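Results of the structural survey
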Amino acid sequence: MIEIRISGFGGQGIIRCGLIIGKAASLYDGKSATLTQSFGPEARGSACSAQVVIDEERVLYPYITVPNILVAMSQEAYSKFSSNLKEGGTLLIDTDLVKLDQKKDKVKLYAIPATRIAEEMGNKIIANIVMLGFFTAVTKIISKDAARDSISGSVPERFVELNIKAFDRGYEYGENLLGENA
Amino acid sequence: MKADPKRVLTGAHYLDGDHACSEGALAAGCTFIAGYPITPSTEVVERISERIPTVGGIFIQMEDELASMAAVVGASWTGAKPLTVTSGPGFSLMMENIGLACMLETPCVIINVQRGGPSTGLPTLTGQADMMQVRWGSHGDYEIIALSPNSPQECFWYTIKAFNLAERYRVPAFVMTDECVGHMTEKVIIPEADEIELYTRRYTKLPPEEYLPFKPGPDLVPEMVRAGDGYKIHATGLTHDEKGYPVMNWEVQEKLVRRLVDKIRKNADDIIEFEEEATDDAEVVVLSYGISSRVAIPAIQKARKEGIKVGVLRLVVVWPFPEKKVLELSKKIKAFVVPEINYGQIVLEVERAARGNCNAVLVPHGGGWVHNPEDIYKAIKEAVR
Amino acid sequence: MNETLTKELKLPEEKHPMENILRMDRIPHIWCSTCGIGIAVTSFAIALEKAKIPLDQVCVVSGIGCSGRVAGYVKLDSFHSTHGRAIPFATGLKLGNPKLKTIVFSGDGDLFGIGGNHFIHSARRNMDMLVLCINNFIYAMTGGQCAATTPLTANTSTSPYGNYEYPFNLPHLADSCGAVYVARWTALHVRRLANSITEALNKRGFSFIEIICPCSTIYARRNRLGSGLDIMKFYHDNSVIKHGANTKDLDIGYQSKIIVGKFVDRERPTFLDCLNDWNRKKFGDKFREYGGPDD
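Okay, so let's go over this structure. Values in this document were obtained by computation on a predicted structure and should not be read as measured data. (Residues numbered from 1 in each chain as written. Chains lettered and ligands numbered in written order. Predicted model: local features only at pLDDT ≥ 70, side-chain atom pairs only at ≥ 80, totals over all residues. Heavy atoms only, no water.)

**Details of the layout of surface pockets**
Here is the rule: Points on a 1 Å grid, built from protein atoms alone, make a cavity when a 1.4 Å probe fits but cannot get out and make a pocket when they are open with protein on both sides within 12 Å along at least 5 of 7 lines; residues with an atom within 4 Å of a point are the lining residues. Grid points are joined across faces, edges and corners, and a volume is the space filled by probe spheres set on the points. Here the term charged refers only to Asp, Glu, Lys and Arg, the term nonpolar to Ala, Val, Leu, Ile, Met, Phe, Trp, Tyr, Cys and Pro, and the term polar to all other amino acids, Gly among them.
Reported here for the second largest pocket is a volume of approximately 620 Å³. Counted by class, the lining of the second largest pocket contains ten nonpolar, eight polar and ten charged residues.

As structure tokens, this is what we get:
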């Protein structure tokens, strides 16, 4: 069983990102995946997080307890959730949006300037999908094909192409990073 | 009757519980939906409002829940299968016309995505504390039917089942889901339309001069007519005779109220549905419903690993309550363990049905989150000691 | 006995002229003698015949109160709903089967006290229905309490020293919220009221007619206004017919002049017109228009 938390602030497409991961795992990778979400009463700007539990068997307890993976796309989200990350777990951050604490986290850290890449592509709204591509490459929890299929079914048709491109950019960035580290 | 393929979104989907309810309602042939926005139920009507123009039917956002529920009762009398959706505070407002629906024997479905209460409570967090309100929250004596799903997939099927039961018994049927299930997204398989069986409301074949709108059949359920069919019926929330005319005396009251209650109680065996597992040699049975029935499974698994004989009685239909089954089990076990996200509602019914044969141990939760399975595990261990 | 004489003396067939419309098996009704509700029902019955609407298609919905009992006496599909909720109940009927002609027949307390919110929203949506409101200035069924329509200074059982709350001007309210037809008559104006109801029955959209009625048993007695007949005389002497009057000017004071007439008669697309037109525009052939249960 793998527990994932995607976090950031409202308006960044955090929930959408979690939805695409869960959908990829359950509809295209043949696993069981439960997505839950939490948010404040504010529609925008507050800390926002999507939780996905992925399992080979049916997910019983729907919430995450100690996540194996944390994706943080805002400083507030990082501060709020990083201490809960499992020891030896994986932390994915947006380089430009999260400044790490001085203390060394006992985690595997992967960073990507997802928002900057999205801006370069002409729309920062797709930063979440860049991050999704990065997530897919780095964690290998969902397959690349499943993630792409899931995107196609989760965004309006006229944006599919842009989103797939964003995904590929993030994925590529992740693969290169892994290559460097290898 | 089979579902209409045009209304069924056949395929594998990744849906939250609220949206799965919407698809269940559309598949069930629901053509009238009245609602008022309230967290965490709003997604149900949002999806319906998106789908209804091309599926066929009317969605109207009413001015409040009083109006939504009144409109639902009115629409049902035209032959439409009506739905409304709400959560705690809205549910309280609906009580008035839920009583009317019971009194006029009006088929309708109400989905309550429960949240923490009382009052405004926890709009975005879960609860299971409306389980007694759903039973008798409106004034007077009556019986209703209530189901409780624990996954989006079940939200789909139970909404259809609720429509079938409502139409069959001419009674409000409730889908008592909760914020956790409503906002949880999982795989939902929607089958082909011909795999969905729908109950067709029974209309009279008698001519208007012979027809009595509230004269029951052998199953205590009267046959219906629709407004506009030429029967010129009268339906009143006042105590009424078989003709539907108001009569203010205890004899007519006795006959009517007794039947309203009996049409559910005497048909309870046909209505009740539960999942039973490993009760044959159980020392303790975990009795639960909705999200709590799901969260209890890890606790049950853990206890079994330690050799504790734990059975499961999971209520699909919560009201009417399976008291015969509970009584039967109570004679051979040490205790029922009842986790629910409230401070003791269904457990009271378990206690009553067990008649002192065994303990009924509540694992309470004030709401806002589901149980930690560990708490249920501890209760199981305690119960077998 | 002389055969010819017997023939001549033969009484006309005992058939009530309103047998088509009334549930004769429920008569006598519960209303007090000289109550105005019966007169309003008579006008309604006349109008139904004149409007030539197939009676099978007509639904009457009432709320609770003296006027709420109307649904129980009309030989039509009729629903006696809950207090204040006749309008949303009728909304469900109309949308469930758009072919139905829905009429809400209820009282001032029901429609504008407990049910006020539903009234303003239905008028705003232009929900296709006719609302007939008996206004007797008081909660009569419960024994004469102060209402949202009780004139200033009038005595009621919960304003025993006189009412100090401003009442509604109902035609103004209906007009402001968007009703397409607004009229007011008193129980004295049987023929004009019947004509007005006939006219409103043939309108599409939200129509509203206020019917000022005597409550001789409670309102008149508490305020020492005399008998039912005295109140009819008062209506006779104090009603002023002013068609097209500005609805702002229609306040009713205690024993003041009562301006009656037809104030609003306009066209606006109904809720269903708007819903269907908009969806046709948005979805074209994909739109599945809902025409009722048999569609």
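**Observations concerning the interface of chain C and chain B**
The test is simple: What makes two residues a contact is simply this: any of their non-hydrogen atoms within 4.5 Å. Here the quantity called buried area is the total loss of accessible area, with a 1.4 Å probe, experienced by two parts when brought into contact, counted for both. The rule for a salt bridge is simple: a side-chain nitrogen of Lys or Arg has to be within 4 Å of a carboxyl oxygen of Asp or Glu. Any pair of N or O atoms that falls within 3.5 Å is considered a polar contact. Within protein, one atom must be able to donate a hydrogen and the other to accept it, and sequence-neighbouring residues count only if both atoms are side-chain atoms. Helix and strand definitions here come from DSSP, where helices need a minimum of 4 consecutive H or I residues and strands a minimum of 2 consecutive E residues; each element is numbered from the N-terminal end. Whether two strands pair comes down to DSSP finding at least two bridges between them.
Contacts between the two partners involve 45 residues from chain C and, on the opposite side, 47 residues from chain B. When chain C packs against chain B, the two sides together hide about 3,700 Å² of surface, and 59% of this comes from carbon and sulfur. Along the contact surface separating chain C from chain B lie six salt bridges. Its salt-bridge partner being R226 of chain B, residue D294 of chain C comes within 2.9 Å of it at the nearest N-O pair. Counting every contact that joins chain C to chain B gives 25 residue pairs in polar contact (both at pLDDT 80 or more). Those elements that provide at least two residues to the side of chain C that touches chain B are strand 2 (77-80), helix 3 (86-96), helix 5 (116-125) and helix 10 (271-283) of chain C. With seven residues, the single largest contributor to the side of chain C that touches chain B is helix 3 of chain C. As paired strands, strand 10 (residues 234-236) of chain B and strand 2 of chain C are joined by three bridges and run parallel to one another. Counted as the bridge partner of T236 of chain B is H80 of chain C from strand 2 of chain C.

**Here's the deal with the environment of Y235 of chain C**
Residue and element names in this part refer to chain C. Where we set the bar: The cut-offs for exposure are 20% and 50% of the maximum accessible area for each residue type, with area from a 1.4 Å probe on protein chains only; residues under the lower value are buried, those over the upper are exposed, and the others partly exposed.
Within the secondary structure, Y235 sits in helix 9 (residues 228-238). For Y235, a relative accessible area of 3% corresponds to the buried category. Each C-alpha atom, one on Y235 and one on S256, is 10.0 Å from the other, the two residues being 21 residues apart in sequence.

**Re the nonpolar core**
All names here are of chain B. Keep this limit in mind: Here the nonpolar core consists of buried residues drawn from Ala, Val, Leu, Ile, Met, Phe, Trp, Tyr and Cys, with membership extended through side-chain atoms lying within 4.5 Å. Where each domain starts and ends comes from a domain assignment, either automatic or drawn from a database.
Among the nonpolar cores identified, the biggest contains 96 residues, and F32, W77, L287, F336 and I346 are the most heavily contacted of them. Looking at this core element by element, the count peaks at seven residues for helix 4 (residues 88-103). Formed jointly, this core draws a minimum of three residues from each of two domains, domain 1 (5-195) and domain 2 (274-384). V8, C180, V310 and A379 belong to the second-largest nonpolar core, a separate cluster that totals 73 residues.

**Comments concerning the packing of aromatic side chains**
How we decide: Pairing of aromatic rings covers Phe, Tyr and the six-membered ring of Trp, with a centre-to-centre limit of 6.5 Å; geometry is then stacked below 30 degrees between planes, edge-to-face above 60, and tilted otherwise.
Counting across every chain of the model gives 19 aromatic pairs over all chains. A centroid spacing of 5.3 Å and a plane angle of 80° characterise the contact between Y211 of chain B and Y231 of chain B, whose relative ring orientation is edge-to-face. Placement of the pair is Y211 of chain B in the loop between strand 9 (185-190) and strand 10 and Y231 of chain B in the loop between strand 9 and strand 10, with a sequence separation of 20 residues. For the pair Y211 of chain B and Y231 of chain B, one class covers both residues: buried. Taken together, a centroid distance of 6.4 Å and an interplanar angle of 65° make the contact between F112 of chain C and F168 of chain C edge-to-face. One end of the pair, F112 of chain C, is in helix 4 (residues 108-114); the other, F168 of chain C, is in the loop between strand 4 (129-135) and helix 6 (170-177), with 56 residues separating them in the sequence. By relative accessible area, which is 3% here, F112 of chain C ends up buried.

**Looking at the interface of chain B and chain A**
The interface is formed by 23 residues belonging to chain B together with 17 residues belonging to chain A. With both sides pooled, the region where chain B packs onto chain A buries about 1,700 Å², and carbon together with sulfur makes up 62% of that total. On the chain B side of the contact with chain A, Y14, R294 and W369 of chain B bury the most area, a combined 37% of that side's loss. Taken together, the connections running from chain B to chain A amount to zero salt bridges. Joining chain B to chain A, the criterion identifies eight residue pairs in polar contact (both at pLDDT 80 or more). Of all the secondary-structure elements, those providing two or more residues to the side of chain B that touches chain A are strand 1 (11-16), helix 7 (179-182), strand 9 and helix 10 (290-305) of chain B.

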